[in-house]
Amino acid sequence: MSFETILVEQRDAVTLVTLNRPQALNALNTQVLADLSAAFAAYDADPSQLCLVLTGSEKAFAAGADIKEMASKAAADFFLEDFFSGWQKNVVATRKPWIAAVAGFALGGGCELAMMADFIIAADTAKFGQPEIKLGVAPGMGGSQRLTKAVGKAKAMEMCLTGRMMGAEEAERSGLVSRIVPAADLLEDALKTAAAIAAMPPMATMVNKEMVNLAFETGLEQGLLNERRLFQLLTATEDRVEGMKAFVEKRPGVWKGR
Ligand code: HXC
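What you see is a predicted model, and the numbers here were worked out from it, not measured in a lab.

**Describing the overall build of the protein chain**
And then number 1: Regarding its fold elements, the protein chain presents 12 helices and 10 strands.
And then number 2: Computed over its C-alpha atoms, the radius of gyration of the protein chain comes to 19 Å, within 12% of the 18 Å expected for a compact globule of 258 residues.
And then number 3: Each of the three principal axes of the protein chain carries a C-alpha extent, and together these read 60 × 45 × 40 Å.
And then number 4: The 258 residues of the protein chain split such that 43% are buried.
And then number 5: Intrachain contacts of the protein chain at a sequence separation of at least 6 include 65% that bridge at least 24 residues.
And then number 6: Here the protein chain displays about 13,500 Å² of accessible surface, and carbon together with sulfur accounts for 59% of that area.
And then number 7: Considering the protein chain, the positive charge centre built from 27 side chains and the negative charge centre built from 31 side chains are found 4 Å apart.

Now the structure itself:
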């Protein structure tokens with residue numbers, strides 16, 4: 001598949017998507033959303049693809065929603081288009097796992113896009129921020145909610161109110177990213193991690209993803225009930241029988257994906 005604003009390649013069972021608007025530091029415009037929506041839908045639908053890595057450039061994962069595109073829009077346009085809703089519908093809705101590999105700036109919508117991933121691996125150069133307040137607006141792609149859940153109220157509030165950026169070390173300490181790696185190793189590390197996930201029984205990865213996300217969306221009692229039911233669902237898969245048999249026989253499992 002070829003796109004205007006992203007590059008997509010398949011490396012065995014891992015899809016690598018690279019944001020490719022270097023002239024605008026990968027600012028997220030309508031075309032980027034359309035391209036990512038199509039690429040993520042294709043990934044989700046392709047049984048040969050079992051994990052996805054989304055990355056940007058050395059300088060910027062993405063410097064935000066495209067300010068130049070938004071500047072001339074009227075409030076009614078944002079409302080009538082339900083501007084930004086496509087991110088939730090088309091990107092967050094992806095059922096299979098995906099990782100954001102972030103180097104450089106992840107600001108505004110860029111930070112929000114990274115936080116839509118199942119987890120973030122950060123280069124030591126990564127800088128996260130929600131600087132929308134400086135433009136007279138506020139996060140619109142989930143930042144006020146996901147950042148607060150990830151790093152807690154104090155840091156999220158400070159970042160949203162001042163636009164201060166958070167470096168990779170603070171981001172790891174605060175729980176925003178799972179790991180920091182040297183910038184030169186970022187892609188290799190993320191692809192290796194994705195390959196490890198792709199080697200797992202595919203239904204189990206989808207269910208594990210859904211379970212962890214439930215912790216953000218439901219109360220404890222409901223979350224625990226849903227976890228048990230999803231666990232029980234997985235026991236019905238052929239891969240569960242194979243996984244347990246393979247353990248007893250001291251050999252790697254061979255997965256059918258069902
Ligand atoms: C459109 C952008 C852009 C953006 C950078 N560019 N960010 N274009 N939208 N979000 C463009 C610049 O205009 C410039 O184009 C080129 O990319 C290089 O950027 P520079 O500013 O020259 O680079 P540098 O001096 O290194 O500064 C990097 C930076 C800065 C600190 C990241 O670009 C910056 O502050 N960007 C905006 C960050 C931001 O505010 N993000 C939040 C956006 S709002 P030219 O043509 O001049 O070379 C958002 C949600 C809003 O995400 C929700 C409201 C509804």
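**Some remarks on the packing of aromatic side chains**
And then number 1: Across all of its chains, the model carries three aromatic pairs by this definition.
And then number 2: Pairing Phe78 with Phe83 gives two aromatic rings, centres 5.0 Å apart and planes at 85°, and the pair type is edge-to-face.
And then number 3: The class of Phe83 is buried, set by a relative accessible area of 19%.
And then number 4: For the pair Phe83 and Phe84, a centre-to-centre distance of 4.6 Å together with 50° between the ring planes defines the contact as tilted.
And then number 5: One aromatic cluster is present, built from ring pairs that chain together Phe78, Phe83 and Phe84.
And then number 6: Directly above the aromatic system of Tyr43 lies the positively charged group of Lys96, at a separation of 5.0 Å from the ring centroid.

**Details of the pairing of strand S1 (residues 6-11)**
And then number 1: In this sheet, strand S2 (residues 14-19) lies alongside S1 in antiparallel orientation, the contact comprising six bridges. Following the sheet pairing, Glu9 is matched in S2 by Leu16.
And then number 2: Here S1 folds back onto S2 in antiparallel fashion, the turn holding two residues, of which Asp12 has a positive phi close to 55°.

**A word on the sheet that holds strand S8 (residues 127-129)**
And then number 1: What the four strands build is an open sheet, ordered S4-S6-S8-S9; its pairing is mixed. Either end of the sheet is taken by a strand with one partner, and the two such strands are strand S4 (60-62) and strand S9 (166-167).
And then number 2: Strand direction decides the pairing type here: S8 and S9, joined by two bridges, are antiparallel. Residue pairing across strands places Phe128 opposite Met166, the latter belonging to S9.
And then number 3: Strands S4, strand S6 (105-107) and S8 of the sheet are contacted by helix H5 (residues 109-116), whose axis makes an angle of about 95° with S6.

**Let's talk about the site of the ligand**
And then number 1: Neighbouring the ligand are 22 residues, the closest being Lys59, Ala63, Ala65, Ile67 and Gly109.
And then number 2: At 3.5 Å, a backbone N or O of Gln23 approaches an oxygen atom of the ligand.
And then number 3: Between a nitrogen atom of the ligand and a main-chain N or O atom of Ala63, the distance comes to 2.9 Å.
And then number 4: Coverage of the ligand by the protein amounts to 64% of the 1,000 Å² it exposes when considered alone.
And then number 5: No other element matches helix H2 (residues 67-71), which puts three residues into the shell around the ligand.
And then number 6: Classifying every residue of the shell around the ligand gives 14 nonpolar, four polar and four charged.

**Side note on a negative patch on the surface**
And then number 1: On the surface, a cluster of negative charge is contributed by Asp124, Glu169, Glu172, Asp185 and Glu188.
And then number 2: Inspection of the secondary structure assignment puts Glu172 in helix H8 (residues 168-174).

**Observations concerning unusual backbone geometry**
A negative phi holds for most residues other than glycine; trans holds for most peptide bonds.
And then number 1: We note that Asp12 has phi near 55°; this positive angle belongs to a residue other than glycine.
And then number 2: For Asp12, the location among the structural elements is in the loop between S1 and S2.
And then number 3: Positive phi, normally seen in glycine, also occurs at Asn26, with a value near 60°.
And then number 4: Within the secondary structure layout, Asn26 lies in the loop between S2 and helix H1 (30-45).

**Observations concerning H1**
And then number 1: In this model H1 runs 23 Å from its N-terminal to its C-terminal C-alpha over 16 residues, within 8% of the 22 Å that 1.5 Å per residue would give.
And then number 2: All of the buried residues along H1 are Val32, Leu33, Asp35, Leu36, Ser37, Ala39, Phe40 and Tyr43.
And then number 3: Residues of H1 that are buried in the fold lie against S1, S2, strand S3 (51-55), helix H4 (85-92), strand S5 (98-102) and H5.
And then number 4: For H1, the side-chain oxygen to backbone nitrogen distance between the N-cap and Gln31 is 3.1 Å, and the N-cap itself is Asn29.

Conventions used here
- Residues numbered from 1 in each chain as written.
- Predicted model: local features only at pLDDT ≥ 70, side-chain atom pairs only at ≥ 80, totals over all residues.
- Heavy atoms only, no water.
- Helix = DSSP H or I, 4+ residues; strand = E, 2+ residues; numbered from the N terminus.
- Rg over C-alpha atoms; globule rule 2.2 N^0.38 Å.
- Buried < 20%, exposed > 50% of the residue type's maximum accessible area, 1.4 Å probe, protein only.
- Contact = heavy atoms within 4.5 Å.
- Areas by Shrake-Rupley, 256 points an atom, 1.4 Å probe, with all protein chains shown as cover.
- Lys, Arg positive; Asp, Glu negative; His and termini not counted.
- Charge placed at Lys NZ, Arg CZ, Asp CG, Glu CD.
- Phe/Tyr/Trp six-rings, centres within 6.5 Å; stacked < 30°, edge-to-face > 60°.
- Lys NZ or Arg CZ within 6 Å of the ring centre and 35° of its normal.
- Pairing = 2+ DSSP bridges.
- Axes fitted to C-alpha atoms, helices over the stretch in contact; angles between N-to-C directions.
- Near = heavy atom within 4 Å.
- Polar contact = N/O pair within 3.5 Å; in protein donor to acceptor, adjacent residues only side chain to side chain.
- Nonpolar A, V, L, I, M, F, W, Y, C, P; charged D, E, K, R; others polar.
- Patch = residues over 30% accessible without salt bridge, like charges linked within 9 Å, V, L, I, M, F, W, Y side chains within 5 Å.
- Salt bridge = Lys/Arg side-chain N within 4 Å of Asp/Glu carboxyl O.
- Expected span 1.5 Å × (residues − 1).

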